[in-house]
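A structural walkthrough
One letter stands for each residue in the lines below.
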Protein chains: 2
Amino acid sequence: MSSLEHTVQRYIDSWNETDARRRRALIEEVYAPDASYTDPLVEVSGWDAIDQTVQAVQQQFPGLRFTLGDMVDAHHDQVRFRWNLGTPGAPEPLVVGFDVAVARDGEGQFEQVYGFLDRVPSA
Amino acid sequence: MSSLEHTVQRYIDSWNETDARRRRALIEEVYAPDASYTDPLVEVSGWDAIDQTVQAVQQQFPGLRFTLGDMVDAHHDQVRFRWNLGTPGAPEPLVVGFDVAVARDGEGQFEQVYGFLDRVPSA
């Protein structure tokens, strides 16, 4: 597993970690201090704002879990991957997303995450 | 059509433009001067290097055309899209790629292009 693929797995872990201290530790492991995270709903940067974003999503979807989807594809300092958010054991995820993350030169920490949504809950 | 979607179309045009002067004009329209372009095969930055990269691909695949694929999806300053490279009229493209491009704040010019390949010719 490459350094980037390892970071992708820890990134998924951070979205699932509801213990505040452990989540923050994961975020500091996954992201560079000045990292930016942008998806269709939020545009934030830095550990504090990213941590608050992850916490808000956890509060919006209590009990749901993030899992890594297909197509983890890394080269140079960039990686793309899908992720799912759903109820454990459910046949279909509620949300499917797709991210491209970019690391610092030669390091595994994400500097930018560019998020997109492939499936969202119908209203 | 948003500014980013317009730039995506001009980006496709730049890959098809074999006239050196017109291609360079398109590249200067599409990319910021210090833009970076990274796909699995090349990692370049700046108009000169990007232009040389496009020219090299055109020489590798003479007569083939780039077309915009599905899923042009833009928000904030980022856009994702698929593209195809194939012989005009052929039922299937030879190469299928996927890019995420990021623009300068509020401007349509690409600052970074993160390219991935979904289909490559078999050896």
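Above this text you will find the structure in question.
What you see is a predicted model, and the numbers here were worked out from it, not measured in a lab. (Residues numbered from 1 in each chain as written. Chains lettered and ligands numbered in written order. Predicted model: local features only at pLDDT ≥ 70, side-chain atom pairs only at ≥ 80, totals over all residues. Heavy atoms only, no water.)

1. Some remarks on empty space enclosed by the protein
Counted under the stated rule, the structure contains one cavity of 30 Å³ or more. Estimated volume of the largest cavity: approximately 30 Å³. What lines the largest cavity is Met71(A), Arg80(A), Arg82(A), Phe98(A), Met71(B), Arg80(B), Arg82(B) and Phe98(B). Taken together, the elements giving at least two residues each to the lining of the largest cavity come down to strand S5 (78-86) of chain A together with strand S5 (78-86) of chain B. When grouped by side-chain class, the residues that make up the lining of the largest cavity number four nonpolar, no polar and four charged. (1 Å grid on protein atoms, 1.4 Å probe; cavity = no way out; pocket = protein on both sides within 12 Å on 5 of 7 lines; lining within 4 Å. Points joined across faces, edges and corners; volume = space filled by probe spheres on them. Helix = DSSP H or I, 4+ residues; strand = E, 2+ residues; numbered from the N terminus. Nonpolar A, V, L, I, M, F, W, Y, C, P; charged D, E, K, R; others polar.)

2. Concerning the pattern of salt bridges
Two side chains bearing opposite charge may form a pair once their charged atoms approach each other closely. All names here are of chain B. In this structure the tally under the stated criterion is 26 salt bridges over all chains. Of the charged contacts, one joins Arg82 and Asp70 as a salt bridge, the two residues approaching to 3.3 Å between their closest N and O atoms. Highlighted residues: Arg82 in strand S5 and Asp70 in the loop between strand S3 (65-68) and strand S4 (73-75), separated in sequence by 12 residues. The exposure class of Asp70 is partly exposed, given its relative accessible area of 44%. (Salt bridge = Lys/Arg side-chain N within 4 Å of Asp/Glu carboxyl O. Buried < 20%, exposed > 50% of the residue type's maximum accessible area, 1.4 Å probe, protein only.)

3. Regarding the side chain of Ser14(B)
Within the secondary structure layout, Ser14(B) lies in helix H1 (residues 3-16). Other than its neighbours up to four places away in sequence, Ser14(B) contacts Arg23(B), Leu26(B), Ile27(B), Val54(B) and Gln58(B). (Contact = heavy atoms within 4.5 Å.)

4. Quick look at the interface of chain A and chain B
When the parts of a complex come together, some accessible area is lost, and that lost area is often used as the size of the interface. Between chain A and chain B, the residue contacts involve 21 residues of the former and 21 residues of the latter. Summing the contributions of chain A and of chain B, the shared interface buries around 1700 Å²; its carbon and sulfur component is 59%. Between chain A and chain B we count two salt bridges in total. The interface formed by chain A and chain B includes 14 residue pairs in polar contact (both at pLDDT 80 or more). When residues of the side of chain A that touches chain B are traced back to their parent elements, those giving at least two are strand S4 (73-75), S5, strand S6 (95-103) and strand S7 (110-119) of chain A. (Buried area = accessible area lost by both parts, 1.4 Å probe. Polar contact = N/O pair within 3.5 Å; in protein donor to acceptor, adjacent residues only side chain to side chain.)

5. Structural notes on the packing of aromatic side chains
All names here are of chain A. Within the structure shown, the criterion is met by 18 aromatic pairs over all chains. Here the aromatic rings of Trp15 and Phe66 are separated by 5.3 Å at their centres, their planes lie at 45 degrees, and the arrangement is tilted. With a gap of 51 residues between them, Trp15 in helix H1 (residues 3-16) and Phe66 in strand S3 (residues 65-68) connect regions that are remote in the sequence. Take Trp15: its relative accessible area is 7%, and that puts it in the buried class. Owing to a relative accessible area of 8%, Phe66 belongs among the buried residues under this scheme. An aromatic cluster of at least three residues, connected via ring pairs, comprises Tyr11, Trp15, Tyr31, Tyr37, Phe66, Phe81, Trp83 and Phe110. (Phe/Tyr/Trp six-rings, centres within 6.5 Å; stacked < 30°, edge-to-face > 60°.)

6. Considering the pairing of S5(A)
All names here are of chain A. Extensive coverage of S5 is indicated by the burial of eight of its nine residues. Examined bridge by bridge, S3 and S5 share four bridges and lie antiparallel to one another. The partner of Leu68 across the bridge, within S5, is Trp83. Of the strand pairs in this sheet, S4 and S5 are connected by three bridges, and their pairing is antiparallel. Residue pairing for S5: Ala74 is matched across the bridge by Val79. Where S4 hands over to S5, the hairpin turn is made up of two residues, of which His76 adopts a positive phi near 45 degrees. Both S5 and S6 contribute to a ladder of eight bridges, which runs antiparallel. By the bridge assignment, Arg80 is partnered in S6 with Val100. (Pairing = 2+ DSSP bridges.)

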